[in-house]
Amino acid sequence: MSQGNLKSLALRWSTGFCAALVLLFSIYNLRLLKWSELFWIALLSAMIVVVNCLTASAIDENEPSRSQNSFTNAFVLLAAIAFGVSAATVLAAVASLSSLRHAINSRTTIPSTAAAILSIFIASSLYELLIRAIAVNLPADDGTGAPLGILIVPLCVMALAQYFLHAYAIKTFAIFDDGALRPAFNRDAFVWKAITQLVGASSAWLFFIAWKGGSVSFFFVGLLVIAVVHLLNLFNEQRGNEIRRAEADTVRHIKEMAELHMNTIESLAIAIDAKDQTTHGHVRRTQIYAMEMGRILGLGEGEMKALEAGALLHDVGKLAVPEYILNKPSKLTAAEFEKMKIHTNVGGDIIKRVNFPYPVEDIVRYHHEKWDGTGYPKGLRGKEIPVVARIIAVVDFYDATRCDRPYRKGMKRDESLVLLRRMAGSSFDARVVETFIEHIEKFDSLIAAHDIQEQVASQEIIEMADAEPDAGVASEILGAANDETGFRSIAEAQREVYALHEIAQTIGASLNLRDTVTLISSKLKAIVPFTTCVIYLVDEQSGKAHAVHAEGLHAETFARRRVTIGEGITGWVVANARSMCNTPPELDLIDVPEEVASTIRGVLVSPVIREDGAFGAITLYSANRASYSTEHVRLLESVAQHAAVALNNALTYERTKESALTDPLTDLPNARSFRMSLEQRIAECQRLNREPLAVLSLDIDDFKGINDAHGHGIGDRLLAGVAGIVKRQLRQMDVLARYAGDEFVAIMPMASSDVAQVAAERIRSAIENHKFTVRSGRTMGVGVSIGIACFPLDGETTEELLTAADRQMQRNKHTRKLAPSIAAANPVTSIDAFR
């Protein structure tokens, strides 16, 4: 049992013992009362039990003071003023125990009953002292030494004292149960309960007056008051329950989001570590080591949060380091090591933009600083290095030396610890190192429990390759070179597996199309041989496959290629969504210059496929081999499968970036969005047996003259105003867009030609009747020309409908110029008539 539980148990039983003594003393004192008074006390006890059975619910462990019932409080207070402290104490015990009938256990029953007994005993004793003080100079008429009217003040004091003492005791028990401070009292609930206590005291006073023979009406008034307050109290408790449920949902949502963010960080860390051939297990083990070290060293909450995230992200800057340096199977040159060192500053700058509320940046930027000041990037020494960075430096080094890498074998535990101790005081903080070594067995048992053991077993004999891994650990420290016989063939197979794994992990890391295609071709080199790699994507407007990336020999020639779907090898693969290889390459090189085509001996093409079919292809040309094996086909298809998702995402992102779907001036859909909506509506109409649809084309008359006369600022405001008026005249299902300049277009689903004509006239009338403000005190009117095209009468495609509507609009504009309307403005017809 923890120390906190022992304290809670001691408090609970000691308080219960005191309350039991007080209760026994009170019961003993009842012998001094008359039999008639004992009868009334028994009657009040029975009434309390009955009322609690009818109204009280099980105790709420989060708010135990709710066991106090509005009715029973009044009866307890009545006993205090009528029969004294002992009677009130006994009735308080009866009230508490009867209200806890659904939750009888030592954790709730003893604290709640003890609090009820002790609080009423102290409060009623205070009441008697006040009564005696008041009665010194006042005539008596109630047997207590004070007039009935004077009782209300000390009675209210007793009620409030009883409530405050009871609530404070319950909160104290809760604090000791949890072992930590809870939030402060809820102010609204606290005030409401205090008011309820005062009303209960007033009701007890009315009952007492009626009992002393004042009037029966006082008794009924008291019952009515307490009943109303009890109903209000129930309503308030229900509202409080709803608020607590909402708060609990909010807390749960925050926890879920925090967990999601941490999972996102972990996924990013895995992708980063995969770049230098480390594993998911490495970052998770580093995190466990670091968090346990932080707890042992007594770090604060912010620093613990920093360790949790920083352990995963400490090498995020390696994104800026070339892979041939990260995975070089030999010692880095001076220039290469300088390039490696930039990852700390790059990572620090990346994390700085995230703006973590705790020192994650310190971990990422300074975890390669050394205790003697010889580290990088700033050459900090001693305690200038943040403690979180010192911890990560130790645990990262330990786990890195324990694990196998393709370029070296890992160490067993004892040898890694010997190396760590040797570097304490020079590279690492000696206190951190000694603390880590002291608890290493506990840490490794936690690692085993998480099933992420990838370290070399402690019994194995260490074999180190001649390499400099992990950002510059000197080869003379890690050990000498060993025989590499047979290593090359094993390494080739490992590189193939690693390349496929890395593609799957990182191919979708960027939404930039250029970066994505570059990444695909660069990863492809490791597993499928080629002289030239060309990635084609189908252009939706031209219907041809365009080369979006070319790498290798004659890349500039292939980068300009446009392939018709179905023609040549690449065109056939896109059209049929099937791979092709070992076909005469001349079939795919018809439009390629002869001096380039003559150098190519073999070709392999695989399609890039999504749900609606192939939308591109990866074409490999070889100047060295005339044929590819089935294994090459399998590998390329595997890469193409992963590439399809990344390329589709990148294309979607590029399209969205090139053309936003909303016009910033009017907040209406722009032309691209309108075309997409119209194509979708036309498809729906065709599917629903050619349901009618109308397209309106609207153009402001002489808008150029308005801009010339008043300026473009006034013209922009006028466009926004016209957009608002037109939108109000359309139905909710209609789609209005700004097409170009001063031209607007609208889609009216399920609208016939007559309905569209009425809507057009309503729009024209609303605009022409509106006065637009051009300057302070000056307004102007504008006219509009409107054209209508209906599906399927005027066209069955987007282009046909837009052309027909534009033609009608131009005809309307020309007619209005020849015969301008002089009729009075027509009233605006309500849109409700056409819904």
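Residues numbered from 1 in each chain as written. Predicted model: local features only at pLDDT ≥ 70, side-chain atom pairs only at ≥ 80, totals over all residues. Heavy atoms only, no water.

### A look at the packing of helix H14 (residues 387–402) against helix H15 (residues 413–423)
And step 1. Direction vectors running N to C along H14 and H15 enclose 145 degrees, while the axes themselves pass 10 Å from each other. Of the two possible hands of crossing, H14 and H15 adopt the one that is right-handed. Residues Val394, Phe397, Tyr398, Thr401 and Arg402 of H14 pack against Arg413, Ser416, Leu417, Leu419, Leu420 and Met423 of H15.
And step 2. Across the contact of H14 with H15, the residue classes tally to seven nonpolar, two polar and two charged. (Axes fitted to C-alpha atoms, helices over the stretch in contact; angles between N-to-C directions. Helix = DSSP H or I, 4+ residues; strand = E, 2+ residues; numbered from the N terminus. Left-handed = near helix turned anticlockwise from the far one by under 90°. Contact = heavy atoms within 4.5 Å. Nonpolar A, V, L, I, M, F, W, Y, C, P; charged D, E, K, R; others polar.)

### Remarks on the side chain of Thr619
And step 1. Secondary-structure assignment places Thr619 in strand E6 (residues 613–622).
And step 2. Reaching out from Thr619, the side chain makes a polar contact with the side chain of Thr570 at a distance of 3.1 Å.
And step 3. Setting aside its immediate chain neighbours within four residues, Thr619 contacts Thr532, Cys533, Val534, Tyr536, Thr570, Asp588, Val603, Leu604 and Val605. (Polar contact = N/O pair within 3.5 Å; in protein donor to acceptor, adjacent residues only side chain to side chain.)

### Structural notes on the packing of aromatic side chains
And step 1. Evaluated as defined, the whole model comprises 11 aromatic pairs.
And step 2. When the ring of Phe558 is compared with that of Tyr621, the centres are 4.8 Å apart and the planes differ by 25 degrees; the resulting orientation is stacked. Of this pair, Phe558 sits in helix H21 (residues 555–558) while Tyr621 sits in strand E6, placing them 63 residues apart in sequence. Of the two residues, Phe558 and Tyr621, both sit in the buried class.
And step 3. Each member of the aromatic cluster is reached from another via a ring pair, and the members are Tyr289, Tyr398, Phe436 and Phe443.
And step 4. Taking NZ or CZ as reference, Arg610 lies 4.5 Å from the ring centre of Phe615, over its face.
And step 5. A cation over a ring is seen here: Arg625 above Tyr628, with NZ or CZ 5.7 Å from the ring centre. (Phe/Tyr/Trp six-rings, centres within 6.5 Å; stacked < 30°, edge-to-face > 60°. Buried < 20%, exposed > 50% of the residue type's maximum accessible area, 1.4 Å probe, protein only. Lys NZ or Arg CZ within 6 Å of the ring centre and 35° of its normal.)

### Some details on the pairing of strand E12 (residues 784–791)
In summary, the side chains of a regular strand alternate between the two faces of the sheet.
And step 1. Of all eight residues that make up E12, eight are buried, and the element is covered over most of its length.
And step 2. Burial along E12 is two-sided: Val784, Ile786, Ile788 and Cys790 and Ser785, Gly787, Ala789 and Phe791, pointing in opposite directions, are all buried.
And step 3. Looking at chain direction, strand E7 (residues 693–700) and E12 are connected through eight bridges and run antiparallel. Following the sheet pairing, Ile700 is matched in E12 by Val784. (Pairing = 2+ DSSP bridges.)

### A word on the pattern of salt bridges
It is possible for side chains bearing opposite charge to pair when their charged atoms get close.
And step 1. Under the definition given, this model contains 23 salt bridges.
And step 2. The partner of Lys442 in a salt bridge is Glu292, with the nearest N and O atoms 3.9 Å apart. Remark: Glu292 occurs in helix H9 (residues 280–296) and Lys442 occurs in helix H17 (residues 440–449); sequence separation between them is 150 residues.
And step 3. A relative accessible area of 44% places Lys442 in the partly exposed class.
And step 4. Glu292 sits in the buried class, given a relative accessible area of 15%.
And step 5. The salt bridge partner of Asp663 is Arg738, with a shortest N-O separation of 3.3 Å. A residue pair is termed long-range when its members are at least 10 positions apart, and Asp663 in the loop between helix H24 (630–658) and helix H25 (671–687) and Arg738 in strand E8 (residues 735–740) qualify at 75 residues. Per residue, the accessibility class of Asp663 equals that of Arg738, and both read buried.
And step 6. Taken together, the shared-partner salt bridges connect Asp699, Asp701, Glu768, Lys813 and Arg816 into one network. (Salt bridge = Lys/Arg side-chain N within 4 Å of Asp/Glu carboxyl O.)

### A few points about the sheet that holds strand E9 (residues 743–749)
And step 1. In spatial order, the strands read E8-E9-E7-E12; together these four strands make up an open sheet with antiparallel pairing. Across the chains shown, the open sheet's two edge strands, defined by having one partner strand only, are E8 and E12. On average, each strand axis in the sheet is inclined to that of its neighbour by 20 degrees, with strand direction left out of account.
And step 2. In this sheet, E9 lies alongside E7 in antiparallel orientation, the contact comprising seven bridges. The residue of E9 that forms the bridge with Leu698 is Phe744.

### As for unusual backbone geometry
And step 1. Note that the residue after Tyr376, namely Pro377, is joined by a cis bond; omega there is 15 degrees.
And step 2. Note the cis peptide between Phe791 and Pro792, where omega equals 5 degrees.
And step 3. Relative to the assigned elements, Pro792 resides in the loop between E12 and helix H29 (798–818).
And step 4. With a phi close to 60 degrees, His554 is a non-glycine residue in the positive phi region.
And step 5. Relative to the helices and strands, His554 is located in the loop between strand E2 (544–552) and H21.
And step 6. At Met750, a residue that is not glycine, the phi angle is positive and equals roughly 55 degrees.
And step 7. Relative to the assigned elements, Met750 resides in the loop between E9 and helix H28 (753–769).

### With respect to the confidence of the model for the chain
And step 1. Overall, the predicted model of the chain reaches an average pLDDT of 76, with 70% of residues at or above 70.
And step 2. This model gives residues 140–146 a pLDDT under 50, and the stretch forms 18 contacts once residues within four places in sequence are excluded. (pLDDT = per-residue confidence, 0-100.)

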